[in-house]
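The residues making up each chain are set out below.
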Amino acid sequence: MSLLSICEWIQNTDLSTAIREGALYYPIIGGVHLLAIALFGGMLLAVDVRLLGWGMRRRAVSDVVGQLRAWKRFGFVVVVASGALLGWAEPLKLYHSKSFWIKMALLLMVGVHALVFRPTVYGNSTRLDEAPSMPAVAKLAAALSLILWAGLVLSGRLIAFDS
Amino acid sequence: MSVLPFLNWLGSSALANAMNGPEWAFPVVECFHFFGFALLIGTIAIVDLRLLGTGMRRQSPAELTQDLKPWTLSGLALMLTTGPAMFAADPRVYYFNPSFRFKIACLLVAILYHFTFLRRAVRPDVPPVLGKLAAVVSLALWIAVVGGGRMIAFV
């Protein structure tokens, strides 16, 4: 079974047709996707900005990382779930979209980023509080996180402009 | 005075030509618009959630407002430069779009509300129930702004 035939199968499901052809489902799910990016993307930015030392410097790293963790996770789930529904509506278009595959590659790298940096940075914030200066690995994690995030937004937006 | 001559002028300005020039111009500016409102709304949401008693509870709402102020303002600046550029790409269509009008109305109220009521609601002497109410209104206004913006393309 090829990927293309899976996409064709998805496209023919009732859910796919409903989101694609219903007047309100698509914009509402799109709105939730965008809102989650605004609310929780902003929290991700706050954490990375703290790690880079660009802001909130009076607050302990563990305060910022620890207190926003649950919200970032919640936001991630909402973004992925609403994004999956949007994708479910038009799998054939996405199959042929270069931007979509770039976006999926970036999403995969978000997973790698989490695996690589959780032990030393995000899951280790109390140690970062004690460090005399921010370790390079934490700054690297934050910079990569910002780049991945911006890349996901950009590639996602470009899907609509792929012909 | 009618607003139409202004819209026509804007629609044929150098800014409009740049936005309508290369295919990538509009979506790239739009992405910076997204970065701007993520900064703006995300940092406001951190304060709103704190007023609601969740999120960053080890800091006070006033401390968070102060900490995040440069980022909130940067987001606002980014949003208010990329937004008009997008508007310039097709002024007449946006001007008559009901979602656009709804969005701009909500945006004006949200900005005014933020710098008047919300700035006062984070003070330590404000009763918690009023702070919560202020936070709910703030979140609702920003949700309306984003929702209205998303609907522009669908009406």
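Conventions used here
- Residues numbered from 1 in each chain as written.
- Chains lettered and ligands numbered in written order.
- Predicted model: local features only at pLDDT ≥ 70, side-chain atom pairs only at ≥ 80, totals over all residues.
- Heavy atoms only, no water.
- Helix = DSSP H or I, 4+ residues; strand = E, 2+ residues; numbered from the N terminus.
- Buried < 20%, exposed > 50% of the residue type's maximum accessible area, 1.4 Å probe, protein only.
- Contact = heavy atoms within 4.5 Å.
- Areas by Shrake-Rupley, 256 points an atom, 1.4 Å probe, with all protein chains shown as cover.
- Lys, Arg positive; Asp, Glu negative; His and termini not counted.
- Charge placed at Lys NZ, Arg CZ, Asp CG, Glu CD.
- Phe/Tyr/Trp six-rings, centres within 6.5 Å; stacked < 30°, edge-to-face > 60°.
- Core = buried A, V, L, I, M, F, W, Y, C linked by side-chain atoms within 4.5 Å.
- Buried area = accessible area lost by both parts, 1.4 Å probe.
- Salt bridge = Lys/Arg side-chain N within 4 Å of Asp/Glu carboxyl O.
- Patch = residues over 30% accessible without salt bridge, like charges linked within 9 Å, V, L, I, M, F, W, Y side chains within 5 Å.

## What about the overall build of chain B?
So, point 1. Scanning chain B for helices and strands turns up seven helices and zero strands.
So, point 2. Taken from N to C terminus, the helices and strands of chain B fall in the order α-α-α-α-α-α-α.
So, point 3. Projecting the C-alpha coordinates of chain B onto the three principal axes gives extents of approximately 50 × 30 × 25 Å.
So, point 4. Burial statistics for chain B: of 155 residues in total, 50% are counted as buried.
So, point 5. Sequence-distant contacts, at least 24 apart, represent 77% of the contacts inside chain B between residues at least 6 apart.
So, point 6. Of the roughly 7700 Å² of accessible surface on chain B, 71% is carried by carbon and sulfur atoms.
So, point 7. Placing the 12 positive and 7 negative side-chain charges of chain B at their respective mean positions leaves the two points 7 Å apart.

## Focus: the packing of aromatic side chains
So, point 1. Scanning the entire structure with this criterion turns up 15 aromatic pairs over all chains.
So, point 2. Taking 6.2 Å as the distance between ring centres and 50° as the angle between the ring planes, the aromatic pair formed by Tyr-26 of chain A and Phe-154 of chain B counts as tilted. Taken together, the residues span two chains, with Tyr-26 of chain A in helix 3 (residues 25-52) and Phe-154 of chain B in the segment after helix 7 (128-151).
So, point 3. The class of Phe-154 of chain B is partly exposed, set by a relative accessible area of 34%.
So, point 4. Both rings, one in Tyr-94 of chain B and one in Phe-100 of chain B, keep their centres 5.7 Å apart while their planes meet at 45°; by these two values the pair is tilted.
So, point 5. For Tyr-94 of chain B, a relative accessible area of 16% puts it in the buried group.
So, point 6. Classification of Phe-100 of chain B as buried rests on a relative accessible area of 15%.
So, point 7. An aromatic cluster of three or more residues is present, and its members are Phe-40, Trp-71 and Phe-74 of chain A.

## So, the nonpolar core
So, point 1. In terms of nonpolar packing, the biggest core is built from 67 residues, with Leu-51, Leu-68, Val-121 and Trp-149 of chain A together with Ile-41, Ile-46 and Trp-142 of chain B touching the most fellow members.
So, point 2. Elements supplying a minimum of two residues to this core: helix 3, helix 4 (61-89), helix 6 (98-122) and helix 8 (136-159) of chain A together with helix 3 (25-51), helix 4 (61-89), helix 6 (98-121) and helix 7 of chain B.
So, point 3. Filtering out sequence-adjacent residues up to four positions away, Val-121 of chain A remains in contact with Leu-51, Leu-128, Val-137, Ala-138 and Ala-141 of chain A.
So, point 4. Within the second largest apolar cluster, 13 residues are counted, among which are Leu-7, Met-19, Tyr-94 and Ile-152 of chain B.

## Structural notes on the interface of chain A and chain B
So, point 1. Counting residues at the interface gives 33 residues for chain A and 33 residues for chain B.
So, point 2. Summing both partners gives a buried area of about 3100 Å² for chain A against chain B, and 76% of it is carried by carbon and sulfur.
So, point 3. Counting the surface chain A buries against chain B, the share from its top three residues, Leu-34, Gln-67 and Arg-157 of chain A, is 20%.
So, point 4. At the junction of chain A and chain B, the tally comes to four salt bridges.
So, point 5. Elements represented by at least two residues in the side of chain A that touches chain B include exactly helix 3, helix 4 and helix 8 of chain A.

## Comments concerning a nonpolar patch on the surface
So, point 1. Residues Met-1, Leu-3, Ile-6, Trp-9 and Trp-101 of chain A make up a contiguous nonpolar surface patch of about 590 Å² in total accessible area.
So, point 2. A total of three residues in the nonpolar patch trace back to one element, the largest contributor, which is helix 1 (residues 3-11) of chain A.

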